[in-house]
Amino acid sequence: RAEGAAGGAGEACAPHPVRDSSLLLDAGLGALLVLDRLAAGSEDGARSLLPGCVQAFVSRWAALHPRATMVRLKELEQLQLLAEANELLDVLKRPLLAAAGTGRWVATDAVAALARTWSGRYPSSSQHGAAVWDDVVSSRALLFSVLERRLNEALDAVDFDDEDERAAIRQGSLGAAKRCIAESHERAARALRIQGDFEPAKGHLLASMALRKADPKCFGPVSVQFQAGLLQHTVAKARASRNSGELLQIWQQGVKLNDMYASNPPEERCELAELQAEVVQLMLDGGDADEGERLLTEVIERLRSLLDSPLASPAALAPARLKLVDLCSASLKRGHETRGVDLARVAVAEVVRAMAGGSLAARDRLLT
């Protein structure tokens, strides 16, 4: 009985999203309150909370010390969740279906427009960890589920002569939402791989794979980034064992993927080349030095070729440039012949290019 009473007292003291909304707002949990209202089906309740969320954020921000950088960054994390919830609520104010004449109906551009907007907005790959990425992806899944419910209600309210028309509108509208969520998972996986947080990255990849398998018609071919993500986890396992057979299989898998995506932009193929470079380094460090030396020249030339190509976003390729620098250094230390290429000059040039892309790691590297 005492335990039951203690449990009841604990539940009574726990904050309630409705009763204690002002306290939760002051604690910086406004975004979660808005999402809670939306999950409960209360769009008006979520909408009514937004002004209070903004006011609470401004009050908390004003109270922070100007040099409290980390605390300020933490406060900013909720803004993306609030912005996207507000964008959804704006969409829900307008009709989701429009008459196209001759008794036909079409979906408005609301869902696709929302997906396009969100596909261009992500947390930082270097500054935001797994918790932030998880919040954004989970929030988007919830917001799109609210939109799906409202679209289904709109479709059910229309008397279609042809049920295939209803299904086509549903598939076309919700396909953009599914692709946005899958892309969000894949972008999260890539960011967390860059940070070395492989287990959460793998979870995001598996979630994306589940979406793709559940509705393959909705998705196009698997992206090179997705394939590179799966390969990265294989490399992570081989890093511990240094088994030469496993490393060679990973190298060969990378070669196949490179051939498969040969027509893709260089930026996309660089991640595959980086993984192959890591495999070669593992071989040189004890996996199979002879095989590693054989492949060293090949991977250096592949990375040089990709990085010398016209690049749409050169700043994003600083990690690939520094990986090439590591390979050049390894080759120089071993006295390895590389077909007349001045590897020292290549290494310095790539460090400078990475610095021009804003890489702090490259700046430190130049000093050494």
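Predicted model, so just to flag it, every value in this text is computed and none were measured.

K.L.:
Please clarify how the overall build of the protein should be interpreted in this entry.
P.N.:
Scanning the protein for helices and strands turns up 16 helices and two strands. Its C-alpha atoms give the protein principal-axis dimensions of roughly 70 × 60 × 50 Å. By the burial criterion, 42% of the 368 residues in the protein qualify as buried. Considering only contacts within the protein whose residues lie at least 6 apart along the sequence, 64% involve residues at least 24 apart. Averaging the positions of the 44 positive and the 49 negative side-chain charges in the protein gives two centres separated by 3 Å.

K.L.:
Would you explain the pattern of salt bridges in this entry?
P.N.:
Any two side chains of opposite charge can pair, on the condition that their charged atoms come close. In the structure shown here, the tally under the stated rule is 23 salt bridges. With a closest N to O distance of 3.3 Å, R302 and E298 form a salt bridge. A residue pair is termed a helical-turn pair when its members lie 3 or 4 positions apart in one helix, as R302 and E298 do in helix α13 (residues 289-307) at four residues.

K.L.:
What is the right way to look at a negative patch on the surface in this model?
P.N.:
Together, D159, D161, D162 and D164 give the surface a local cluster of negative charge. One can find D161 in the loop between α7 (130-156) and α8 (163-194).

K.L.:
What am I meant to see in the packing of α7 against α8 here?
P.N.:
Two measures define how a pair of helices packs: the angle their axes make with one another and the distance between the axes. One can describe the packing of α7 onto α8 by two numbers: an axis separation of 10 Å at closest approach and a directional angle of 180 degrees. It follows from the interaxial angle that α7 and α8 lie roughly antiparallel. Among the residues making up the contact of α7 with α8, the classes are represented as 15 nonpolar, four polar and six charged.

K.L.:
Hey, could you run me through the side chain of E271 in this one?
P.N.:
Relative to the elements of secondary structure, E271 occurs in helix α12 (residues 266-287). Those residues in contact with E271 that sit more than four places away from it in its chain are R190, R193, Q225 and A228.

What counts as what
- Residues numbered from 1 in each chain as written.
- Predicted model: local features only at pLDDT ≥ 70, side-chain atom pairs only at ≥ 80, totals over all residues.
- Heavy atoms only, no water.
- Helix = DSSP H or I, 4+ residues; strand = E, 2+ residues; numbered from the N terminus.
- Buried < 20%, exposed > 50% of the residue type's maximum accessible area, 1.4 Å probe, protein only.
- Contact = heavy atoms within 4.5 Å.
- Lys, Arg positive; Asp, Glu negative; His and termini not counted.
- Charge placed at Lys NZ, Arg CZ, Asp CG, Glu CD.
- Salt bridge = Lys/Arg side-chain N within 4 Å of Asp/Glu carboxyl O.
- Patch = residues over 30% accessible without salt bridge, like charges linked within 9 Å, V, L, I, M, F, W, Y side chains within 5 Å.
- Areas by Shrake-Rupley, 256 points an atom, 1.4 Å probe, with all protein chains shown as cover.
- Axes fitted to C-alpha atoms, helices over the stretch in contact; angles between N-to-C directions.
- Parallel < 35°, antiparallel > 145°, perpendicular 65-115°, else oblique.
- Nonpolar A, V, L, I, M, F, W, Y, C, P; charged D, E, K, R; others polar.

Just geometry here; none of it tells us what the structure is for.
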